[in-house]
Amino acid sequence: DGESNVVSVDYNHSSADAQLIVHGKLVADASDGREGPIHLTANESWKGILFSDTQEENKIIDCRISKATESAIAIELDSHVEIIGNRIFENSSAGLGAAIDVNGSNNVVIQQNLIANNTSSNATGGIVCDASIPEISNNVIVNNTGTYGAFILKSGADVTLVNNTIANNESTNGSPFLFYVFQAYPEVMNSIIIDDGTLFFAPFGDPVISYTCLTGGYAGTGNIDTDPMFNDPSEGNGSEFSGVYANWMLADGSPCIDAGNPDAMYNDMDNSVNNMGAYGGPNGMMPTSIGDDVTELVAANSLRNYPNPFNPTTNIAFNVEKAGNVSVDIFNARGQKVTTLVDEYLLAGAHSVVWNGTNDRGDNVASGIYLYKMKAGGRYTSTKKMILLK
């Protein structure tokens, strides 16, 4: 319990029964690069990290998590966790998601992670979402092995997957599927999904997919079926082939370049049209070098909110490239300012602020579309849209 500001951790407990259980607040954040990434592992094995019934602002950022035997990161009972910029690899499980398992928790962000070479004997080597709707964007999910290769989404896990690269995973099920979707209605956009087998087992209705490159094709606006032309992908499917040291960026001439949703809100950081996959969009991954043990988070100003739509509160997260004066303002659909959330000098790095749906007088505002605008350094501006539902 309590807050941890540890810069570097090597967890080398000798017992396979060891597990880090968080009921209070855990912040494991090495994104400033002072001491390199935080390593959470064991000499042989451990059970991983469990966040249980904690509504604190838990953060796992720029960590390396391996050798867990239940789930590298398990989240339950409405816990709040940001999982950003991590390398989650060589973990295993039986009935949970070997990399990440989210159960009954909506306030979860899974972004800019490399999730590779994890295995599960009776679930998925990737991510399970059970009665949960986390934000999942800009992840590389590759070379995982499980009953279902990359995802299990069930019991109302109506997630939206944006700008993810999902490739070379392996399903060991008698009828292999990359996704198991049960009583859930996910949406996929601006992503790359490559698999030798059938993509979706979804008896209650197929996912809604747009502007995505999928093996075998799929009905939906902007979808394509072609070789995405990765720079240097792994040589085969599943955890026997290393996805950690492969290069999943798009080669020059890739048909996935500038092929994502053309709406400006999805533009890449250079303001060009969205590139499909984890390296595209306003929060694209930016690796320093392939095989290096450091994955650089977005080193530019960025802005997002979650959940969206929301009621009654939403978190507005933003990254500041250089220290300076920063403002975050809320406007209604007519462009009238509703309130100012931030107006101060901030250091470079990741920040967040909560908007509770009130104006500058403290009055509750009506349902509808609102804009939030960030200004940084006197030059950079970004405006995003969010929806308040009551």
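Residues numbered from 1 in each chain as written. Predicted model: local features only at pLDDT ≥ 70, side-chain atom pairs only at ≥ 80, totals over all residues. Heavy atoms only, no water.

*Asks:* I'd like to hear about the nonpolar core, residue by residue, with values.
*Replies:* Within the largest apolar cluster, 48 residues are counted, with the highest numbers of intra-cluster contacts made by I73, I100, F151 and F179. Not counting residues within four places of it along the chain, the set of residues in contact with I73 comprises I49, F51, I60, I65, I83, I88, A99, I100 and D101. If you look at the next biggest cluster of nonpolar residues, it comprises 20 residues, including I316, L346, V365 and L388. (Core = buried A, V, L, I, M, F, W, Y, C linked by side-chain atoms within 4.5 Å. Buried < 20%, exposed > 50% of the residue type's maximum accessible area, 1.4 Å probe, protein only. Contact = heavy atoms within 4.5 Å.)

*Asks:* An account of the sheet that holds strand β1 (residues 20-22) is requested, with residue identities and associated values reported.
*Replies:* Taken in spatial order, the eight strands of this open sheet run β1-β4-β7-β11-β15-β19-β23-β26, and their pairing is parallel. Of all the strands in the sheet, the pair left with one neighbour each is β1 and β26 (198-201). Taken over all neighbouring pairs, the strand axes of this sheet differ in orientation by 10° on average, direction set aside. Direction of pairing for strand β15 (residues 127-130) relative to strand β19 (residues 151-154): parallel, over a ladder of four bridges. Within β19, the position partnered with V128 by the bridge is I152. (Pairing = 2+ DSSP bridges. Helix = DSSP H or I, 4+ residues; strand = E, 2+ residues; numbered from the N terminus. Axes fitted to C-alpha atoms, helices over the stretch in contact; angles between N-to-C directions.)

*Asks:* Help me get a handle on the pairing of strand β23 (residues 177-182), residues and values and all.
*Replies:* Of all six residues making up β23, five are buried, and the element is well covered by its neighbours. Pairing geometry for β19 and β23, over four bridges, is parallel. Among the inter-strand pairings, F151 is bridged to a residue of β23, identified as F179. Pairing analysis gives three bridges linking β23 to β26, with the strands arranged parallel. Paired with F179 across the strands is F200, a residue of β26.

*Asks:* So, the sheet that holds strand β16 (residues 135-137): which residues are in play, and what are the values?
*Replies:* Spatially, β2-β5-β8-β12-β16-β20-β24-β27 is the arrangement adopted by the eight strands of the open sheet, whose pairing is parallel. Two strands lie at the open edges of the sheet, namely β2 (27-29) and β27 (208-210), each paired on one side alone. Geometrically, the sheet is characterised by an average inter-axis angle of 10° between neighbouring strands, direction not taken into account.

*Asks:* Outline unusual backbone geometry, supporting the account with residue identities and numerical values.
*Replies:* Negative phi is the rule for most residues except glycine; trans is the rule for most peptide bonds. The omega angle of the peptide bond from N311 to P312 is 5°, so this bond is cis rather than trans. Looking at the secondary structure, you find P312 in the loop between β33 (302-306) and β34 (314-320). Phi at A131 is positive, roughly 50°, even though this residue is not glycine. With respect to the helices and strands, the residue A131 is situated in the loop between β15 and β16. Accessibility expressed as a relative area gives 37% for A131, which makes it partly exposed.

*Asks:* I'd like a description of the packing of aromatic side chains, backed by residues and values.
*Replies:* Counted according to the given criterion, the structure contains eleven aromatic pairs. Ring centres 5.1 Å apart and planes at 90° place the aromatic pair F182 and F204 in the edge-to-face group. Of this pair, F182 sits in strand β23 while F204 sits in the loop between β26 and β27, and the two are 22 residues apart along the sequence. Accessibility expressed as a relative area gives 28% for F182, which makes it partly exposed. The partly exposed category is assigned to F204, whose relative accessible area is 42%. Aromatic side chains F230 and W248 sit 5.1 Å apart centroid to centroid with 75° between the ring planes, which places their arrangement in the edge-to-face category. Of the two residues, F230 sits in strand β29 (residues 230-232) while W248 sits in strand β30 (residues 247-250), which places them 18 residues apart along the sequence. A relative accessible area of 11% places F230 in the buried class. (Phe/Tyr/Trp six-rings, centres within 6.5 Å; stacked < 30°, edge-to-face > 60°.)

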